[in-house]
Amino acid sequence: MSLPNRVEAALDHLEALEKTFLKERSAAPNPLAGWTCHDPALNAVALALAHALDDDANRLGEPAYHNRHHVAETVTAMALLCAEARRLGLVSAELATLGVLAMLGHDLGHDGSLGLGGALEQRAAERVEALAATLPAADRAVLRAVIHATEAGRVPQNLARARASGAQPQDILAAIANEADVLASLLPELGWTLSHLLATEWCPWDAPRAALVTSFARRHSFLTAYATPTPAGCALGLHTSIARQLAALDPALDRLPHAEAMAIHRSRLASLSAPPAVP
């Protein structure tokens, strides 16, 4: 397969993934979507985590964004990214499986707040570690490290470590987890829907910040932060998809009514058929 064809195949895969996510959001959430493992001990922990997510939702309700649909999408995204990382020889099968399991519990107990300072990740890590008490200490350490890595403030340093010479597999896994956590939001249509859900979730906690989430300027900033993905993300076509979106995205559209601005943005995006060069 030639390079341009390979890029288009990756974009086709992302388009199919977006359609899958949208379809799954119209049904009851399934936190175990994307989870496949033949290890009985890991499966038992996965079931315990899924039960804990369901129990929290039934007792406490769910945030608009950080809910079981989000968890299911991150599990699927992590599975896809880790499969590419394994193909590229970046992580082992064992480490990849633990990374996917960590995403199943990475937002356990999320209350919808902004969670600055890593408090939400600490809470989730503690609960996951308790539910995974039957696993070896080394495996629990991986789960804990991946969950802490999903703190938004750690994204730049995680990517820097993953890119550094002599990067360790767990450094690479942390950066992949960051991409998995937001992969659905990086997609061209679903991403906007999720921005509105995140704004709804944040509004009771920080209304001014929530109001900015759905702006074109904020979308531009968000996509720019992930414009150079990990090798696993590039293999999925993320860099090309993001580049196309950025090319069509003008922060000045915030001056127009949102519906009119979205129509212009979608028209521009549809016209960008030629993929940019692969880095």
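One can find the structure itself at the top, above this paragraph.
Residues numbered from 1 in each chain as written. Predicted model: local features only at pLDDT ≥ 70, side-chain atom pairs only at ≥ 80, totals over all residues. Heavy atoms only, no water.

J.: Is there a simple way to think about the overall build of the chain in this case?
T.: When you go through the chain residue by residue, the secondary structure sums to 14 helices and zero strands. Starting at the N terminus, the α and β elements of the chain follow one another as α-α-α-α-α-α-α-α-α-α-α-α-α-α. On C-alpha atoms alone, the chain measures out to a radius of gyration of 18 Å, which is about the 19 Å that the 2.2 N^0.38 rule sets for 279 residues. For the chain, the spread of C-alpha atoms along the three principal axes comes to 55 × 45 × 35 Å. Per-residue burial for the chain yields a buried fraction of 48% across its 279 residues. Within the chain, residue pairs in contact and separated by at least 24 positions form 73% of the contacts whose partners lie at least 6 positions apart. Carbon and sulfur atoms provide 58% of the accessible area of the chain, an area that totals close to 12800 Å². Separation of charge centres in the chain, based on 22 positive and 29 negative side chains, amounts to 3 Å. (Helix = DSSP H or I, 4+ residues; strand = E, 2+ residues; numbered from the N terminus. Rg over C-alpha atoms; globule rule 2.2 N^0.38 Å. Buried < 20%, exposed > 50% of the residue type's maximum accessible area, 1.4 Å probe, protein only. Contact = heavy atoms within 4.5 Å. Areas by Shrake-Rupley, 256 points an atom, 1.4 Å probe, with all protein chains shown as cover. Lys, Arg positive; Asp, Glu negative; His and termini not counted. Charge placed at Lys NZ, Arg CZ, Asp CG, Glu CD.)

J.: Please explain the nonpolar core as it appears in this structure.
T.: If you look at the biggest cluster of nonpolar residues, it comprises 74 residues, and the most contacted ones within it are Met-78, Leu-101 and Leu-183. The element that contributes the greatest number of residues to this core is helix H4 (residues 93–105), accounting for eight residues. For Met-78, the residues in contact, after removing those within four places along its chain, are Gly-99, Val-100, Met-103, Leu-173, Ile-176, Ala-177 and Ala-180. (Core = buried A, V, L, I, M, F, W, Y, C linked by side-chain atoms within 4.5 Å.)

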